[in-house]
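Okay, here's what each chain looks like letter by letter:
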Amino acid sequence: HSKSVSARRAACRAIVHVDLDCFYAQVETIRNPELRGKPLGVQQKYIVVTCNYEARKRGVKKMMSVKDAKEKCPQLILVNGEDLTPYREMSYKVTELLGEFCPLVERLGFDENFVDITEIVEKRLNQLQQSGCSRVCVSGHVYNNQAINLHDTTHVRLVIGSRIAEEFREAIHARLGLTGCAGVASNKLLSKLVSGTFKPNQQTVLLPESSQDLIRSLDHIQKVPGIGYKTAKRLETLGVRNVCDLQAFPSAVLEKELGVSIAQRIQKLSYGEDDSPVMPSGPPQSFSDEDSFKKCSSEVEVKEKIEELLPNLLDRVYKDGRQPHTVRLTLRRFSSTNKWFHRESRQCPIPPHLIQKFGKESSNIISPLVDVLIKLFRKMIDVDLPFHLTLLGICFSNLKDLPSSTKGLIGFYLKQMSPPSGSGKRVWEVEDVSQGEGSASRTQNCNRTGTTKTRKLSEEKKSNIKKAGVPDFPFHLSPGDIDQEVFRELPEDIQKEIISEKT
């Protein structure tokens, strides 16, 4: 019974997949309107990473070398797209705009978003029924030109969904100047697959009866969203190359080869079944940047590449307002047989004294960060032996909010003073608050200036502090750190905050 209820609930869902047309090229055209109507490519290194439809009509393709693209289309205009900032900023504007319609918006890269419009559809369906109106027109295409049955509420829901998708696309064009495609279906998998049926600047709705036709039209198993490169390679060794192969493959054998959870998940995907929810993306969980090149074969070059990547990355972290606590270095060794997928990574905690520097003058932090990253590099590469790298990437993660004045009440009671010469200890003093709270705050004399930014976005989960009673004095803290008499006089929440900061 529970399965049938969940199946009915899944069938009632309405999900829109919005996919912006040749996104980078559109952003460049908005930045420079003189490019409109001309064949345009966005270049990163020696590759055309994307191009507009005028260029595609002349034979230029995504990921084509600049040399080949110029041969195909001598009139091709190339713009440098290595700075992702304008694309990233426009991408967030699109997500924010969609969030005005509905809170359930999930980003997928820079140019794609899923929107769960089930509740909006339900409200409009109720309004239609109350008004006694039985006519509703579809917006855009219907996959396979399937006839719509207005007596089938699932059909009606998806048709209403097509109207909402059109409203999304119209708003994105009117307010941001971008065009895009949309797919409307009962789950994320199918909406993504159907959105690309008609391009550019068009949309398609998929009715349930046509879902098998759509999924079986995929010519390779890797075309199924959710089945990645490595899984596809393993499936190929089992003789599974397309969706029909996967559907017919014995479940028991698949589970033995891939594990129960992966086998069941991908076999469900092969039938177009996907019950994954649309997860609102929220603030980014990490900040990363990478650079690819033909060859990097010395530690000096590696250091230069890291120094080139850090400033823009640190600027993004600064604008976000949180402090990262983990850093990761990724590299790719040259391989003639496996060009794109041979990556290695190492990560480590960011030293506490460096964490405090985030959000301040970035030049003060670059040199010590380079040292940390070079140590990670040496864990992966023996510099005494020849090496050939084709990619380096840096990622900051484990982002946490800065302490704010509202949370940090301890600032009204304590301030940190410079330790006596050679002591190496922090000395805490009571701040005089007898004349009211004033603006006293904890300060650290370490020849550093800068103002703490308060983060506006939602807080990260904080580490849990035990709610048991606070002891008279935390014995693991040395008396030189905190005066015991002062500690006992502080309110309990302040005592807890001291303990949490010191542990």
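Since we're looking at a predicted model, the values are computed, not measured. (Residues numbered from 1 in each chain as written. Predicted model: local features only at pLDDT ≥ 70, side-chain atom pairs only at ≥ 80, totals over all residues. Heavy atoms only, no water.)

**Let's talk about unusual backbone geometry**
Then comes step 1: Cis rather than trans, the peptide bond between Lys-199 and Pro-200 has omega equal to -15°.
Then comes step 2: Tracing the sequence through the fold places Pro-200 in the loop between helix H8 (188-195) and strand E10 (203-205).
Then comes step 3: One non-glycine residue, Cys-22, adopts positive backbone phi at about 25°.
Then comes step 4: A positive phi is found at Asn-201, a non-glycine position, where the angle reads about 55°.
Then comes step 5: By the secondary structure assignment, Asn-201 is in the loop between H8 and E10.
Then comes step 6: Classification of Asn-201 as partly exposed rests on a relative accessible area of 37%. (Helix = DSSP H or I, 4+ residues; strand = E, 2+ residues; numbered from the N terminus. Buried < 20%, exposed > 50% of the residue type's maximum accessible area, 1.4 Å probe, protein only.)

**Describing the environment of Ile-306**
Then comes step 1: You can see Ile-306 is positioned in helix H14 (residues 299-320).
Then comes step 2: The exposure class assigned to Ile-306 is buried, which follows from its relative accessible area of 0%.
Then comes step 3: Taking the C-alpha atoms as reference, Ile-306 lies 9.2 Å from Glu-290; in sequence the two are 16 residues apart.
Then comes step 4: Setting aside its immediate chain neighbours within four residues, Ile-306 contacts Leu-329, Val-370, Leu-373, Ile-374 and Ile-394. (Contact = heavy atoms within 4.5 Å.)

**Side note on the sheet that holds E10**
Then comes step 1: What the six strands build is an open sheet, ordered E6-E7-E1-E9-E10-E8; its pairing is mixed. Two strands in the sheet have a free side with no partner beyond their single neighbour: strand E6 (105-108) and strand E8 (141-142).
Then comes step 2: Sheet contacts for H8: strand E1 (15-20), E6, strand E7 (112-116), strand E9 (180-185) and E10; angle to E9, the most-contacted strand, approximately 140°. (Pairing = 2+ DSSP bridges. Axes fitted to C-alpha atoms, helices over the stretch in contact; angles between N-to-C directions.)

**Side note on the nonpolar core**
Then comes step 1: Ranked by internal contacts, the top residues of the largest apolar core, which has 44 residues, are Val-16, Phe-23, Val-115, Ile-117, Phe-168, Ile-172 and Leu-178.
Then comes step 2: Of all the secondary-structure elements, those providing two or more residues to this core are E1, helix H2 (23-31), strand E2 (40-44), strand E3 (47-51), helix H5 (85-101), helix H6 (118-131), helix H7 (153-176) and E9.
Then comes step 3: By residue number, the principal contributor to this core is H7, which donates ten residues.
Then comes step 4: Discounting residues that sit within four places of it in the chain, Val-16 has contacts with Asn-113, Phe-114, Val-115, Ile-117, Gly-161, Ala-165, Phe-168, Ala-182, Gly-183, Val-184 and Ser-191.
Then comes step 5: Counting 35 residues, the second largest nonpolar core, distinct from the first, contains Leu-313, Val-327, Leu-373 and Leu-376. (Core = buried A, V, L, I, M, F, W, Y, C linked by side-chain atoms within 4.5 Å.)

**Some details on the packing of helix H12 (residues 251-258) against helix H13 (residues 260-270)**
Then comes step 1: At a minimum axis distance of 7 Å, the contact between H12 and H13 shows a crossing angle of 130°. The pairing of H12 with H13 is recorded here as oblique in orientation. H12 and H13 meet at a crossing whose hand is right-handed. Side by side, H12 and H13 meet where Ser-251, Leu-254, Glu-255 and Leu-258 of the first sit next to Val-260, Ile-262, Ala-263, Gln-264, Ile-266 and Gln-267 of the second. (Parallel < 35°, antiparallel > 145°, perpendicular 65-115°, else oblique. Left-handed = near helix turned anticlockwise from the far one by under 90°.)

**Description of the pattern of salt bridges**
Then comes step 1: Under the counting rule described, the total for this entry stands at 14 salt bridges.
Then comes step 2: Between Arg-343 and Glu-290 there is a salt bridge, with its nearest N and O atoms 3.0 Å apart. Within this pair, whereas Arg-343 is found in strand E13 (residues 343-349), its partner Glu-290 is found in strand E11 (residues 286-296), the two being separated by 53 residues in sequence.
Then comes step 3: Under the relative-accessibility criterion, Glu-290 is labelled partly exposed at 41%.
Then comes step 4: Two residues, Asp-320 and Arg-322, come together in a salt bridge whose shortest N-O distance is 2.7 Å.
Then comes step 5: With a relative accessible area of 2%, Arg-322 lands in the buried category. (Salt bridge = Lys/Arg side-chain N within 4 Å of Asp/Glu carboxyl O.)

**A look at H8**
Then comes step 1: Burial analysis of H8 places seven of its eight residues in the buried class, the great majority of the element.
Then comes step 2: Of all the positions in H8, only Lys-188, Leu-189, Leu-190, Ser-191, Leu-193, Val-194 and Ser-195 are classed as buried.
Then comes step 3: You can read the cap of H8 off the contacts: a side-chain oxygen lies 3.1 Å from the backbone nitrogen of Leu-189, and it is on Asn-187. (Polar contact = N/O pair within 3.5 Å; in protein donor to acceptor, adjacent residues only side chain to side chain.)

**Quick look at the packing of H2 against H5**
Then comes step 1: It is the contact of H2 with H5, at a shortest axis distance of 10 Å, that shows an interaxial angle of 100°. With respect to each other, H2 and H5 are oriented roughly perpendicular. Between H2 and H5, the contacting residues are Phe-23, Tyr-24, Val-27, Glu-28, Ile-30 and Arg-31 on the first element and Pro-86, Tyr-87, Met-90 and Ser-91 on the second.
Then comes step 2: Here the contact of H2 with H5 is built from residues that sort into seven nonpolar, one polar and two charged. (Nonpolar A, V, L, I, M, F, W, Y, C, P; charged D, E, K, R; others polar.)

**Side note on the side chain of Gln-267**
Then comes step 1: The topology assignment puts Gln-267 in helix H13.
Then comes step 2: The exposure class of Gln-267 is buried, given its relative accessible area of 10%.
Then comes step 3: Contact partners of Gln-267, with chain neighbours within four places excluded, come to Leu-246, Gln-247, Phe-249, Ser-251 and Leu-254.

**Some words on the packing of aromatic side chains**
Then comes step 1: Following the criterion strictly, the structure yields six aromatic pairs and no others.
Then comes step 2: Each ring, one from Tyr-24 and one from Tyr-87, has its centre 4.0 Å from the other, and the planes form 5°; the classification is stacked. Linking Tyr-24 in helix H2 with Tyr-87 in helix H5, this pair joins segments that are 63 residues apart in sequence. Across the pair, exposure class does not vary: Tyr-24 and Tyr-87 are buried alike.
Then comes step 3: Arranged with centres 5.4 Å apart and planes meeting at 80°, the rings of Phe-358 and Phe-396 form a pair that is edge-to-face. On the criterion of sequence distance, the pair formed by Phe-358 in the loop between helix H15 (352-355) and helix H16 (363-380) and Phe-396 in strand E14 (residues 389-401) is long-range, its members being 38 residues apart. Accessibility assignment for this pair places Phe-358 and Phe-396 in one class, buried.
Then comes step 4: Put simply, the rings of Phe-23, Tyr-24, Tyr-87 and Phe-110 pair up and form one aromatic cluster.
Then comes step 5: Over the aromatic face of Tyr-92 sits the side chain of Arg-107, whose NZ or CZ is 3.9 Å from the ring centroid.
Then comes step 6: Seen from the ring of Tyr-46, Lys-294 lies directly overhead, with NZ or CZ sitting 4.9 Å from the centre. (Phe/Tyr/Trp six-rings, centres within 6.5 Å; stacked < 30°, edge-to-face > 60°. Lys NZ or Arg CZ within 6 Å of the ring centre and 35° of its normal.)

**What about the confidence of the model for the chain?**
Then comes step 1: Looking at the chain as a whole, its pLDDT mean stands at 81, while 76% of the residues score no less than 70.
Then comes step 2: The low-confidence segment residues 1-6, where pLDDT is below 50, has zero contacts with residues more than four positions distant or belonging to other chains.
Then comes step 3: In this model residues 405-480 is a low-confidence stretch, pLDDT under 50, and it forms 118 contacts with partners more than four residues away in sequence or in other chains. (pLDDT = per-residue confidence, 0-100.)

**Brief notes about the sheet that holds E11**
Then comes step 1: Here we have four strands laid out as an open sheet, ordered E11-E14-E12-E13, and antiparallel in their pairing. The sheet is open, and its two borders are formed by E11 and E13, each paired with just one other strand. Across the sheet, the mean angle from the axis of one strand to that of its neighbour is 20°, orientation sign disregarded.
Then comes step 2: Sheet analysis places strand E12 (residues 322-333) next to E13, joined by seven bridges and oriented antiparallel. For Thr-330, the partnering residue across the bridge sits in E13 and is Ser-345.

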